Amino acid sequence: MKLPVKYIILGFAFIAGIAAFSVNNIAPGIASAGAFIGYALIEIQDLKIINQEDNEG
(Lines give C-alpha, C1' and ligand atoms only; values in the text may rest on other atoms or scores of the structure.)
Protein backbone atom coordinates (compact mmCIF):
# COMPACT_ATOMS: atom_id res chain seq x y z
CA MET A 1 0.00 0.00 0.00
CA LYS A 2 1.37 3.37 -1.01
CA LEU A 3 0.93 6.14 1.55
CA PRO A 4 1.08 9.74 0.29
CA VAL A 5 3.85 11.82 1.81
CA LYS A 6 1.40 14.46 3.00
CA TYR A 7 -0.21 11.98 5.40
CA ILE A 8 3.18 10.96 6.77
CA ILE A 9 3.92 14.65 7.40
CA LEU A 10 0.51 15.09 9.05
CA GLY A 11 1.15 12.09 11.32
CA PHE A 12 4.52 13.50 12.30
CA ALA A 13 2.88 16.84 13.08
CA PHE A 14 0.37 15.23 15.44
CA ILE A 15 3.04 13.13 17.16
CA ALA A 16 5.29 16.18 17.59
CA GLY A 17 2.32 18.17 18.89
CA ILE A 18 1.56 15.54 21.51
CA ALA A 19 5.24 15.41 22.45
CA ALA A 20 5.24 19.20 22.84
CA PHE A 21 2.61 18.89 25.56
CA SER A 22 4.39 15.98 27.22
CA VAL A 23 7.88 17.46 27.56
CA ASN A 24 9.01 20.78 28.91
CA ASN A 25 10.75 21.86 25.71
CA ILE A 26 9.82 24.10 22.78
CA ALA A 27 11.53 22.04 20.06
CA PRO A 28 8.68 19.56 19.43
CA GLY A 29 6.23 22.46 19.20
CA ILE A 30 8.37 24.16 16.56
CA ALA A 31 8.70 20.88 14.65
CA SER A 32 4.95 20.37 14.85
CA ALA A 33 4.22 23.86 13.54
CA GLY A 34 6.67 23.37 10.68
CA ALA A 35 5.11 20.05 9.76
CA PHE A 36 1.59 21.54 9.75
CA ILE A 37 2.80 24.38 7.51
CA GLY A 38 4.43 21.83 5.19
CA TYR A 39 1.20 19.82 5.06
CA ALA A 40 -0.81 22.95 4.26
CA LEU A 41 1.53 23.90 1.43
CA ILE A 42 1.27 20.42 -0.10
CA GLU A 43 -2.52 20.52 0.22
CA ILE A 44 -2.69 23.94 -1.46
CA GLN A 45 -0.55 22.64 -4.33
CA ASP A 46 -2.84 19.62 -4.73
CA LEU A 47 -5.89 21.89 -4.87
CA LYS A 48 -4.23 24.08 -7.51
CA ILE A 49 -3.57 20.99 -9.65
CA ILE A 50 -7.16 19.79 -9.24
CA ASN A 51 -8.50 23.24 -10.17
CA GLN A 52 -6.25 23.39 -13.22
CA GLU A 53 -7.46 19.96 -14.37
CA ASP A 54 -11.10 20.98 -13.90
CA ASN A 55 -10.61 24.17 -15.90
CA GLU A 56 -8.90 22.36 -18.78
CA GLY A 57 -11.44 19.56 -19.05
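Relevant structure appears above.
Now for a description of the structure that goes with this document.

Rules of the game
Residues numbered from 1 in each chain as written. Predicted model: local features only at pLDDT ≥ 70, side-chain atom pairs only at ≥ 80, totals over all residues. Heavy atoms only, no water. Helix = DSSP H or I, 4+ residues; strand = E, 2+ residues; numbered from the N terminus. Expected span 1.5 Å × (residues − 1). Buried < 20%, exposed > 50% of the residue type's maximum accessible area, 1.4 Å probe, protein only. Contact = heavy atoms within 4.5 Å. Salt bridge = Lys/Arg side-chain N within 4 Å of Asp/Glu carboxyl O.

Spanning 30 residues, helix α2 (residues 27-56) covers 44 Å between terminal C-alpha atoms, matching the ideal 44 Å at 1.5 Å per step. Considered for burial, the residues of α2 that qualify are P28, S32, A35 and Y39. Against the buried residues of α2 lie α1 (5-22).

Pairing is possible between side chains that carry opposite charge, provided their charged atoms lie close to one another. Scanning the entire structure with this criterion turns up two salt bridges. Residue K6 is joined to E43 by a salt bridge in which the shortest nitrogen-to-oxygen separation is 3.0 Å. Placement of the pair is K6 in helix α1 and E43 in helix α2, with a sequence separation of 37 residues. Accessibility expressed as a relative area gives 14% for K6, which makes it buried. The partly exposed category is assigned to E43, whose relative accessible area is 24%.

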